[in-house]
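Geometric and topological summary
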Amino acid sequence: MDRSAEIADFLRTRRARISPEAAGVPADNRPRRVPGLRRDEVARLAGISIEYYTRLEQGRAGNPSPEIIDAVGQALRLDVTEREHLTNLLTKPGGTRRSAPSGPQRVRPGLYLMMQTLDHVPAFVLGRRTDILASNALGRAVMTDFEALPPGKRNLARYLLLDPESRSRSDEWERYASETVAMLRLDASRHPNDKQLADLIGELTVHCPEFSGWWHDHKVLQRTHGAKTYRHPLVGDLVFQYESLILPGDPDQTLCVYNVEPGSPTAERIQLLRNWTAPEGSQSAPAHERL
């Protein structure tokens, strides 16, 4: 990842989305050659010199203090995730940026035990670069059987963007796919030397027509909670309220749980799926039997 180019593109796209009127910048008679705020306007809003902000945007400002990053974040109206992303980009090795990962990620045995209690709803564990580290039977039934894939192919972004079946599973495929690209963008700033992530980005660039446009939007996302809908070929439409929980002891692992409203049509359809995925001779499958 070209760090200087990433900094410049991210700050430029964040400047472009804020109008002078929205930022409270006084009108002047200078022609605007680009949308949004100019560099000098961001500098003035952040309380720093235009010379320093220019060096910052060009990746030549050294290690800016947290106060400087916070001031620029406020000027550009960055949300919490965007500020984390900017901090990752501006912090050189030896600073506060998270060290590069080493070796494959492992799911703790205790987490597998926890997933046994979640056999009534879809659940899975996301790792770096949206790798699927574990999933229960309903998680595999609602999306795809990740554990039937080779270990190197068990990846949410690869499934959503490259598997034709994923496009037919929801009317909101484009939103889900673009949000997943934004998650990858955040991961890339956290771990800029991750070769597997670079290879994945290259694969998606070549094989997914929409990927490059989403990637160059420089949007970042830390998934927390929200609603999702899927269309299952056996039971029909499913509506979930999901919660994503970063796991204690490993900030690069996230437990994703797709909750179901009791008594809803989705609850009835999920029960049908539980029966469908249950081993012969049992009513429903404990999650650990398929992990």
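For the structure, check the block above.
The paragraphs below set out a description of the structure included in this document. (Residues numbered from 1 in each chain as written. Predicted model: local features only at pLDDT ≥ 70, side-chain atom pairs only at ≥ 80, totals over all residues. Heavy atoms only, no water.)

Turning our attention to the overall build of the chain. Broken down by element type, the chain carries 14 helices and 5 strands. Projected onto the principal axes, the alpha-carbon positions of the chain cover approximately 75 × 40 × 35 Å. For the chain, the proportion of its 291 residues judged to be buried stands at 48%. Taking the intrachain contacts of the chain between residues at least 6 apart in sequence as the baseline, contacts between residues at least 24 apart amount to 58%. Counting every atom, the chain has about 14500 Å² of accessible surface; 53% of that belongs to carbon and sulfur. Separation between the mean location of the 39 positive side-chain charges and that of the 38 negative ones in the chain comes to 5 Å. (Helix = DSSP H or I, 4+ residues; strand = E, 2+ residues; numbered from the N terminus. Buried < 20%, exposed > 50% of the residue type's maximum accessible area, 1.4 Å probe, protein only. Contact = heavy atoms within 4.5 Å. Areas by Shrake-Rupley, 256 points an atom, 1.4 Å probe, with all protein chains shown as cover. Lys, Arg positive; Asp, Glu negative; His and termini not counted. Charge placed at Lys NZ, Arg CZ, Asp CG, Glu CD.)

Along the polypeptide, Gln253 turns up in strand β5 (residues 250–259). The exposure class of Gln253 is buried, given its relative accessible area of 3%. A polar side-chain atom of Gln253 sits 2.7 Å from the main-chain carbonyl oxygen of Arg106. In this structure the side chain of Gln253 is engaged in a polar contact, spanning 3.1 Å, whose partner is the side chain of Asp250. Setting aside residues up to four positions removed in sequence, Gln253 forms contacts with Gln105, Arg106, Val107, Leu111, Val125, Leu126, Leu133, Leu245, Ile246 and Leu247. (Polar contact = N/O pair within 3.5 Å; in protein donor to acceptor, adjacent residues only side chain to side chain.)

Phi is positive for Thr130, which is not a glycine, with a value near 60°. As for its placement among the helices and strands, Thr130 is situated in the loop between β1 (123–126) and β2 (132–135). A positive phi is found at His218, a non-glycine position, where the angle reads about 60°.

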